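# Chains, contacts and geometry: an overview
One-letter residues, chain by chain:
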Amino acid sequence: MEDRKMKLKQHSYFHKGMRIPKPENLELNREKLVISSLPWGHRDNIASYIQKLADFFVAAKDDAEATSPFPRYPQYSNNLNNLQIAMQVVNDNLFKQKNQEELQSGLEIIACYRENNEFGWVSYGGPDILLWKNSGELRLLHHANNLASHRKQNCSPLPKNMLGVYRSIHPHIESIQLEDGDKLFLLYSSRLNPFHIESFQSNDRSLASLVNQLFEKDPKESFWIAELESIA
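What this report covers is the structure whose coordinates are included nearby. Note that the structure is a prediction, hence the values are computed from the model and not measured.

### Concerning the overall build of the chain
Scanning the chain from N- to C-terminus turns up four helices and ten strands. Every one of the 232 residues in the chain was classed for burial, and the buried ones make up 50%. Across the chain, the fraction of contacts at a sequence separation of at least 24, relative to all contacts at a separation of at least 6, is 69%.

### Digging into the pattern of salt bridges
Applying the stated criterion to the full structure yields ten salt bridges. Put simply, K61 and E115 hold a salt bridge, and the shortest N to O gap is 3.9 Å. Of this pair, K61 sits in helix α1 (residues 46-62) while E115 sits in strand β4 (residues 105-115), and the two are 54 residues apart along the sequence. When the shortest N-O distance is used, the salt bridge between E137 and R139 registers 3.2 Å. We classify E137 as partly exposed; its relative accessible area is 39%. Beyond isolated ion pairs, a larger network of salt bridges with shared partners links R30, E31, K61 and E115.

### Quick word on the environment of V58
Positionally, V58 belongs in helix α1. The spatial distance from the C-alpha of V58 to the C-alpha of N79 is 9.7 Å, given a sequence separation of 21 residues. With residues up to four places along the chain from it excluded, the contact list for V58 reads L28, R30 and E31.

### Concerning the packing of α1 against helix α2 (residues 78-99)
For the pair α1 and α2, interaxial distance at closest approach is 9 Å and the crossing angle is 145 degrees. In this structure, α1 crosses over α2, and the sense of that crossing is right-handed. Contacts from I46, Y49, K52, L53, F56, F57, A60 and K61 of α1 reach α2 at N79, N82, L83, I85, A86, M87, V89, V90, N93, L94, Q97 and K98. Within the contact of α1 with α2, the residues separate by chemical class into 13 nonpolar, four polar and three charged.

### Examining the packing of aromatic side chains
Inspection of every chain in the model, using the stated rule, returns six aromatic pairs. A connected cluster of aromatic rings, assembled from ring pairs, spans Y13, F215 and F223.

Rules used in this analysis
- Residues numbered from 1 in each chain as written.
- Predicted model: local features only at pLDDT ≥ 70, side-chain atom pairs only at ≥ 80, totals over all residues.
- Heavy atoms only, no water.
- Helix = DSSP H or I, 4+ residues; strand = E, 2+ residues; numbered from the N terminus.
- Buried < 20%, exposed > 50% of the residue type's maximum accessible area, 1.4 Å probe, protein only.
- Contact = heavy atoms within 4.5 Å.
- Salt bridge = Lys/Arg side-chain N within 4 Å of Asp/Glu carboxyl O.
- Axes fitted to C-alpha atoms, helices over the stretch in contact; angles between N-to-C directions.
- Left-handed = near helix turned anticlockwise from the far one by under 90°.
- Nonpolar A, V, L, I, M, F, W, Y, C, P; charged D, E, K, R; others polar.
- Phe/Tyr/Trp six-rings, centres within 6.5 Å; stacked < 30°, edge-to-face > 60°.

And the structure:
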């Protein structure tokens, strides 16, 4: 599989009364890094924290001997370790600068990269990651529970895990090996779970196809979805 960059192609649908924060995204084509976050509370300067995460990741890649303020784990690649440390740094900064005295802002966030056929991500909170195979099978790679996903009634998403709320966090860290033809999507919705995935049927493996099926399934449900497009 050739080395390719990633780019977000996104779509959102917000039903009246079903609030989802407008995502804050950052793409670094040279580093093949995509960061997607959902800011809760005050959004002032939130983009600067996302940029700081990206800057730390880039700096760590360029300086392998740099001292890390947080532990590295031998079971993870350098990229994954750099990404999880960058997220820990941003959490620490956000907590101290925004929330130590009074809770003002929080971030549900996922940061992901592509290195040849390796796809890795570090996340805290949403969104979910979907993998659509050449066979037509749609798989749920990562599900980020929010508090609303456990309720019977339709309601707006309620964040469970957010950067900046606590001094220390335990982010989700993972990577997979992609195969030719694999397509990746990010999805934020209060109701999606592994059992709903089985009901998706389409030979058209496109973002538009997913959007149409999400809307047909429940037109009262708000969602944000993005395809992680591979570009040469």
